[in-house]
Amino acid sequence: MYELALFMLDLVQNALTAGATYIKIWLDEDFTRNRLTLTIADNGCGMAPHTLTRALDPFMTTKTSRRKSIGLGLPFFRQLVESCGGGFKIKSRPGCGTVITGWYPLDNVDQPPLGDWNETLRALIQANPHVRFYCAHRRNQRCVTFDTLPVRRALGPHADALWQSADMTTWFREQLSAS
Ligand SMILES: Nc1ncnc2c1ncn2[C@@H]1O[C@H](COP(=O)(O)OP(=O)(O)O)[C@@H](O)[C@H]1O
Ligand SMILES: [Mg+2]
């Protein structure tokens, strides 16, 4: 079974391919309302209505590479949340970006494991130094948020040289799991 973190990775990959420079990832695990909600918003190229319709077709892709010529990311995520008794929403406009939301009840037996959420975010952040990531993870009353913009600002001219260093890896890990 695939982990939710891998679905997130796939959706963020789509945003990166769409040229996004700012990606927001919200994970809300609300046990009081019995609902998990994942929202990913990007400022990439967006999709015109006909592309959007085709994007939800499991066999459509705009990628031309032979290595992976079938698009599964979006339809796969939709199928996941719907098979868990939840729902899926997508809003996209050319030139404005895309917002994808999926949710399902937290008490259903078909839900995937979360996977290594923080480590997946950290890898995305460090692999894409020039993309601003805003991450929020709420579990009941506890909410951890992390924004890469102030980090880049604080590092100033050293940001590029330091971004992928081992020290930054350790620091990102600490920040993302801040207790
Ligand atoms: N965030 C996004 N911004 C713009 N276009 C997107 C986005 N997500 C998906 N798409 C479009 O939908 C298509 C299908 O996406 P997906 O199902 O993940 O398959 P793939 O990434 O393999 O093409 C993409 O090729 C792209 O054209
Ligand atoms: Mg994809």
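In case you missed it, the structure is sitting above this.
Scope of this entry: the structure provided in the associated data block.

Basis of the calculations
- Residues numbered from 1 in each chain as written.
- Chains lettered and ligands numbered in written order.
- Predicted model: local features only at pLDDT ≥ 70, side-chain atom pairs only at ≥ 80, totals over all residues.
- Axes fitted to C-alpha atoms, helices over the stretch in contact; angles between N-to-C directions.
- Helix = DSSP H or I, 4+ residues; strand = E, 2+ residues; numbered from the N terminus.
- Parallel < 35°, antiparallel > 145°, perpendicular 65-115°, else oblique.
- Left-handed = near helix turned anticlockwise from the far one by under 90°.
- Contact = placed C-beta atoms within 7 Å.
- Nonpolar A, V, L, I, M, F, W, Y, C, P; charged D, E, K, R; others polar.
- Pairing = 2+ DSSP bridges.

**Quick look at the packing of helix H4 (residues 117-127) against helix H7 (residues 166-176)**
Next, step 1: Where H4 contacts H7, the two axes come as close as 10 Å, and the packing angle between them is 135°. In terms of orientation, H4 and H7 fall into the oblique class. The handedness of the crossing between H4 and H7 comes out as right-handed. Contact with H4, carried on its side by Asn118, Leu121, Arg122, Ile125 and Gln126, involves Met168, Thr169, Phe172, Arg173 and Leu176 of H7 and no other residues of that element.
Next, step 2: A breakdown of the residues in the contact of H4 with H7 according to their chemical character gives five nonpolar, three polar and two charged.

**Overview of the sheet that holds strand E5 (residues 132-139)**
Next, step 1: Taking strand neighbours across the sheet as the criterion, the six strands line up as E3-E4-E2-E1-E5-E6 in an open arrangement whose pairing is mixed. Each end of this open sheet is capped by a strand with a single partner; those strands are strand E3 (87-93) and strand E6 (142-147). Sheet twist, expressed as the average angle between the axes of neighbouring strands with direction ignored, equals 5°.
Next, step 2: Here strand E1 (residues 22-30) runs beside E5; their pairing, made up of eight bridges, is parallel. Residue Tyr22 lies in a different strand from E5, and its bridge partner there is Arg132.
Next, step 3: Strand contacts of helix H3 (residues 73-83): E3 and strand E4 (97-104), with the helix running at about 150° to E3, the strand carrying the most contacts.

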